[in-house]
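The primary structure of each chain is shown beneath.
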Amino acid sequence: MTRLISGIHHVTAVSGDAQENFDFYTGALGLRMVKKTVNFEDPGVYHLYFGDTEGNPSTILTTFPYGRNLAKGRHGKGMVNTTAFSLEMGGLDYWLQRLDRFDIAYKHPQERFKDEVFVYLEDPDGLGLELVFSEGDLRKGYTDGSIPFEWAIKGFHHVEIWLEGIERTAALLTMQMNHQVIREGSGRIRLGAEDRPGKYVDLLAMPDVLRGLGGRGTVHHLAFETPDRESQIRMKNNLEDYGLQVTDVKDRKYFSSVYFREPGGVLFEVATSAPGFSVDEPVGSLGQSLMLPGQFEADRERISRLLPEIDYHSGGKQL
Ligand code: ZN
């Protein structure tokens with residue numbers, strides 16, 4: 001039987017300034033912008049996708065850059081507070097120097113589970129990120145040459161969710177969503193659809209912290225990958241039988257999606273692997289042009305005028 005959930009598909013965050021966002025993720029972190037489109041629910045705002053060369057599932061951080069005036073959110077319970085990227089252990093010194101060079105503040109490297117070293121930092125809007133250095137992640141990542149390819153970000157390592165208590169979220173993931181307990185310790189329980197980077201969801205019980213508040217610098221939702229529309233419908237039916245309210249299937253052009261709120265308060269999505277980001281432009285030029293879904297194409301001129309220009313050769317890469 002096909003597994004209904006195979007791991008993380010993407011993480012979507014609420015951001016501020018589009019240029020600053022682009023410069024940080026493509027410049028400092030060296031990800032590829034694999035798609036420049038609009039928020040399908042609100043086409044006055046970009047939807048930017050950053051990932052590896054093809055924008056493979058488990059590598060894609062997406063942002064809604066609403067502008068600097070959007071109020072900052074608050075990290076807290078019921079939220080993904082840290083999105084962690086996976087890197088090769090040998091790249092630690094390179095990355096510390098790189099963060100210094102880009103003037104990015106970070107916490108000193110610490111060890112977790114004995115075989116991974118992590119560095120916590122935040123993006124310009126305060127989104128919680130980690131660089132996790134370990135051995136054996138075979139994914140290639142992306143580099144345009146500004147980062148030696150062996151040190152490039154390979155994709156996600158894990159996401160970290162803070163909860164009042166972990167039980168109900170852990171039950172949902174293990175009983176309905178193909179996850180297993182991978183590790184416990186360091187104040188967290190690590191679940192995974194498989195035991196490898198890009199597949200991990202870390203749950204932390206944080207009863208004493210405030211609830212998170214949506215806004216600039218917070219994660220909007222966490223998407224899991226399902227193979228196709230058929231498995232997506234089976235997943236939706238299972239979740240509804242489990243007592244959750246799941247949206248209808250939405251066509252996101254690059255995947256189709258259903259959404260639901262998990263018991264701990266985090267918005268989860270189940271997104272299909274296909275068709276992927278090369279459905280409307282070739283892999284070689286992903287992210288170069290504004291791509292619009294059919295329903296907005298007739299309005300392209302007006303939509304383009306509303307969106308701030310993104311200078312692809314700004315700040316980041318020249319440093
Ligand atoms: Zn999504």
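Look up: the structure comes first, before these words.
This text gives an overview of the structure that appears in the document. (Residues numbered from 1 in each chain as written. Predicted model: local features only at pLDDT ≥ 70, side-chain atom pairs only at ≥ 80, totals over all residues. Heavy atoms only, no water.)

## Regarding the overall build of the chain
In terms of regular secondary structure, the chain is built from six helices and 16 strands. Each principal axis of the C-alpha distribution contributes one length, and for the chain these read about 45 × 45 × 40 Å. The buried share among the 319 residues of the chain stands at 59%. Summarising the internal contacts of the chain: among those between residues at least 6 apart in sequence, 69% fall at separations of at least 24. In the structure as shown, the chain presents an accessible area of about 13,600 Å², 49% of it carried by carbon and sulfur atoms. Distance between charge centroids for the chain: 2 Å, based on 35 positive and 46 negative side chains. (Helix = DSSP H or I, 4+ residues; strand = E, 2+ residues; numbered from the N terminus. Buried < 20%, exposed > 50% of the residue type's maximum accessible area, 1.4 Å probe, protein only. Contact = heavy atoms within 4.5 Å. Areas by Shrake-Rupley, 256 points an atom, 1.4 Å probe, with all protein chains shown as cover. Lys, Arg positive; Asp, Glu negative; His and termini not counted. Charge placed at Lys NZ, Arg CZ, Asp CG, Glu CD.)

## Focus on the side chain of His-10
With respect to the element layout, His-10 can be found in strand S1 (residues 7-15). Here His-9 takes part through its side chain, which lies 2.8 Å from a polar atom of the side chain of His-10. At 3.1 Å, the side chain of His-10 and the side chain of Glu-269 are in polar contact. Other than its neighbours up to four places away in sequence, His-10 contacts Ile-60, Thr-62, Phe-156, His-221, Leu-222, Ala-223, Phe-255, Glu-269 and Ala-271. (Polar contact = N/O pair within 3.5 Å; in protein donor to acceptor, adjacent residues only side chain to side chain.)

## As for the coordination of the zinc ion
Ideal donor angles around a metal are set by the shape: a four-donor tetrahedron calls for 109.5 degrees, a six-donor octahedron for 90 or 180 degrees. Around the zinc ion, the donor atoms from the protein are His-10 (NE2), His-221 (NE2) and Glu-269 (OE), and they sit 2.0 Å away. Written as a sequence motif, the donor arrangement for the zinc ion is H-x210-H-x47-E. Note that His-10 is positioned in strand S1 and His-221 in strand S13 (residues 218-226), a separation of 211 residues in sequence. Just as His-10 is buried, His-221 falls in that class too. (Donors = N, O, S within 2.8 Å, 3.2 Å for Na, K, Ca; no water.)

## Concerning the sheet that holds strand S16 (residues 267-272)
Strand order in this open sheet of eight strands is S2-S3-S4-S1-S13-S16-S15-S14, and the pairing throughout is mixed. Each edge of the open sheet carries a strand with a single partner, namely strand S2 (32-39) and strand S14 (250-251). Where strand S15 (residues 256-261) and S16 come together, five bridges link them in antiparallel fashion. Paired with Tyr-259 across the two strands is Glu-269, which belongs to S16. Sheet contacts for helix H1 (residues 18-28): S1, S2, strand S3 (42-51) and strand S4 (60-65); angle to S3, the most-contacted strand, approximately 10°. (Pairing = 2+ DSSP bridges. Axes fitted to C-alpha atoms, helices over the stretch in contact; angles between N-to-C directions.)

## Looking at the environment of Gly-44
Within the secondary structure layout, Gly-44 lies in strand S3. Given a relative accessible area of 34%, Gly-44 falls into the partly exposed group. Sequence separation between Gly-44 and His-10 is 34 residues, and the spatial gap between their C-alpha atoms is 22 Å.

## Looking at helix H3 (residues 167-176)
Within an α-helix, residues lying three or four positions from one another point in the same direction, as the helix has 3.6 residues per turn. Taken residue by residue, H3 has Thr-169, Ala-170, Leu-172, Leu-173 and Gln-176 as its buried positions. In the segment just after H3, Asn-178 is the residue with positive phi, at about 65°.

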